[in-house]
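Topology and contacts: notes
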Amino acid sequence: MKPNTQQLSDLTIQVRRDILRMVHAVNSGHPGGSLGCTEFLVTLYQNIMDRKEGFDMNGIGEDLFFLSNGHISPVFYSVLARSGYFPISELATFRLLDSRLQGHPTTHEGLPGVRIASGSLGQGLSVALGAAQAKKLNGDNHLIYTLHGDGELQEGQNWEAIMYASAKKVDNLIATVDVNGKQIDGTTDEVLAMGSLRAKFEAFDWDVLEIKEGNNIDAIIAGLTDAKSRTGKGKPVCILLYTEMGNGVDFMMHTHAWHGKAPNNEQLENALAQNYSKDQVDY
């Protein structure tokens, strides 16, 4: 049975604790965007995607996910571990030498759940399109999901892929953009304003929907369910997911400062106290 909203919320708290502890332990990593996308990735893996037990790179007969903005690896690794892809204890090796959990996900370490290397931004959608078309050629009716940062869309290869997806009617694809309005150097408007993302995707002939409460689990379930209902109708689907960077930790929210900065000891204690659950089981 799928977990209910309370169970998803409890797991979200656990994943936030993982993120904070992983980044703090090595004084390195990207907590802001990871925390902002926690509810989304927890819900996607635990409630929405049709996944098989175990892991094989071909992914035949199941939904696939590709993380394009790979610097939010802490949330990705935590959700993968908490979803059974590899031992939770391995989270303690984040960013260490010879670890499979490097700062940006890679494939040569053979970490279950990771299908592409994603540190160089702007490439995830191109890879996902290949996987989506392969599923069509194989008669596999499962879906491809992707996640992208809004700042990442400032890179040009995305728009080649966006154009290709609609031109080739890749309608088994749901691409989600984390619209938090922030990137490492400031707000997206300050760095390179992109105008209306909805208008841009619609101009490229995508089917676009918005999840205004991107840190609300019920809203995410509703939005992803709506997105699934729109697949198979000749157009790729885009979700604009409005999130708060650093969500769940008050001093990390409403600022871009924690895009790539680790908390110190005192800040970690504060953040963990804000994310306490009687059922938590830290690694």
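Values in this document were obtained by computation on a predicted structure and should not be read as measured data.

1. Concerning the overall build of the protein
Helix and strand counts for the protein come out as 10 helices and seven strands. The burial tally for the protein puts 55% of its 283 residues in the buried class. Here the analysis covers contacts within the protein between residues at least 6 apart in sequence; of these, 75% occur between residues at least 24 apart. Summed over all atoms, the accessible surface of the protein reaches about 11900 Å², with 50% contributed by carbon and sulfur.

2. Considerations on the packing of helix 3 (residues 38-48) against helix 4 (residues 73-82)
Axis separation between helix 3 and helix 4 bottoms out at 10 Å; the angle between their running directions is 30 degrees. Classed by the angle they form, the pair helix 3 and helix 4 counts as roughly parallel. The crossing of helix 3 and helix 4 is right-handed. Contact with helix 3, carried on its side by T38, L41, V42, Y45 and Q46, involves V75, F76, V79, L80 and R82 of helix 4 and no other residues of that element.

3. Details of the packing of aromatic side chains
In this description, an aromatic ring pair is defined by two values, namely the gap between the centres and the angle between the planes. In the structure shown here, the tally under the stated rule is nine aromatic pairs. Ring centres of F201 and W206 lie 5.3 Å apart, and the angle between their planes is 75 degrees; this geometry places the pair in the edge-to-face category. With respect to class, F201 is no different from W206; both count as buried. Pairwise contacts between aromatic rings join Y45, F55, F65, F76 and Y85 into one cluster. Taking NZ or CZ as reference, R21 lies 4.5 Å from the ring centre of Y283, over its face.

4. What about the layout of surface pockets?
Empty space within the largest pocket amounts to approximately 290 Å³. Lining the largest pocket are 21 residues, and of these H71, L121, E152, Q183 and H259 lie nearest its centre. For the lining of the largest pocket, the residue count by class is four nonpolar, 12 polar and five charged.

5. A closer look at helix 10 (residues 265-273)
Among the residues making up helix 10, those that are buried are L268, A271 and L272. Relative to the axis of helix 10, the buried residues are bounded by an arc of 95 degrees and lie together on one face. Facing away from the buried side of helix 10 by over 90 degrees, the exposed positions are E266, E269 and A273. Buried residues in helix 10 make contact with helix 1 (5-26).

6. What to know about the side chain of H148
One can find H148 in strand 2 (residues 144-149). Residues within four places of H148 in sequence aside, it is in contact with S68, N69, G124, L125, N158, A175, T176, V177 and D178.

7. Section: the nonpolar core
In this structure, L44, Y45, F65, F86 and Y145 are the most contacted members of the largest nonpolar core, which totals 54 residues. Looking at this core, the element that brings in the most residues is helix 1, giving seven residues. Sequence-distant contacts of L44, that is, excluding residues within four places in its chain, are made with M49, F65, Y145 and L224. If you look at the next biggest cluster of nonpolar residues, it comprises 26 residues, including I116, L125, V170 and C238.

8. Focus on empty space enclosed by the protein
Tallied over the full model, the rule gives two cavities of 30 Å³ or more. One number sums up the size of the largest cavity: a volume of about 60 Å³. If you trace the largest cavity, you find it lined by Y45, M49, F55, E62, D63, L64, F65, L80, Y85, G113 and R115. In terms of lining residues, the second largest cavity is bounded by F65, F66, L67, F76, P105, G113, V114, R115, I116 and S118. The biggest single contributor to the lining of the second largest cavity is strand 1 (residues 64-67), with three residues.

9. Looking at the sheet that holds strand 7 (residues 237-242)
What the five strands build is an open sheet, ordered 1-2-3-7-6; its pairing is parallel. Edge positions in the sheet fall to strand 1 and strand 6 (207-211), since each of these pairs with one other strand and no more. Ignoring strand direction, the axes of neighbouring strands in this sheet form an average angle of 20 degrees. Pairing of strand 6 with strand 7, which is carried by five bridges, proceeds in the parallel orientation. Residue pairing for strand 7: D207 is matched across the bridge by V237. Packed onto the sheet, helix 5 (residues 124-137) meets strand 1, strand 2 and strand 3 (173-179) and runs at close to 170 degrees relative to strand 2.

Criteria and thresholds
- Residues numbered from 1 in each chain as written.
- Predicted model: local features only at pLDDT ≥ 70, side-chain atom pairs only at ≥ 80, totals over all residues.
- Heavy atoms only, no water.
- Helix = DSSP H or I, 4+ residues; strand = E, 2+ residues; numbered from the N terminus.
- Buried < 20%, exposed > 50% of the residue type's maximum accessible area, 1.4 Å probe, protein only.
- Contact = heavy atoms within 4.5 Å.
- Areas by Shrake-Rupley, 256 points an atom, 1.4 Å probe, with all protein chains shown as cover.
- Axes fitted to C-alpha atoms, helices over the stretch in contact; angles between N-to-C directions.
- Parallel < 35°, antiparallel > 145°, perpendicular 65-115°, else oblique.
- Left-handed = near helix turned anticlockwise from the far one by under 90°.
- Phe/Tyr/Trp six-rings, centres within 6.5 Å; stacked < 30°, edge-to-face > 60°.
- Lys NZ or Arg CZ within 6 Å of the ring centre and 35° of its normal.
- 1 Å grid on protein atoms, 1.4 Å probe; cavity = no way out; pocket = protein on both sides within 12 Å on 5 of 7 lines; lining within 4 Å.
- Points joined across faces, edges and corners; volume = space filled by probe spheres on them.
- Nonpolar A, V, L, I, M, F, W, Y, C, P; charged D, E, K, R; others polar.
- Arc of directions from axis to C-beta.
- Core = buried A, V, L, I, M, F, W, Y, C linked by side-chain atoms within 4.5 Å.
- Pairing = 2+ DSSP bridges.

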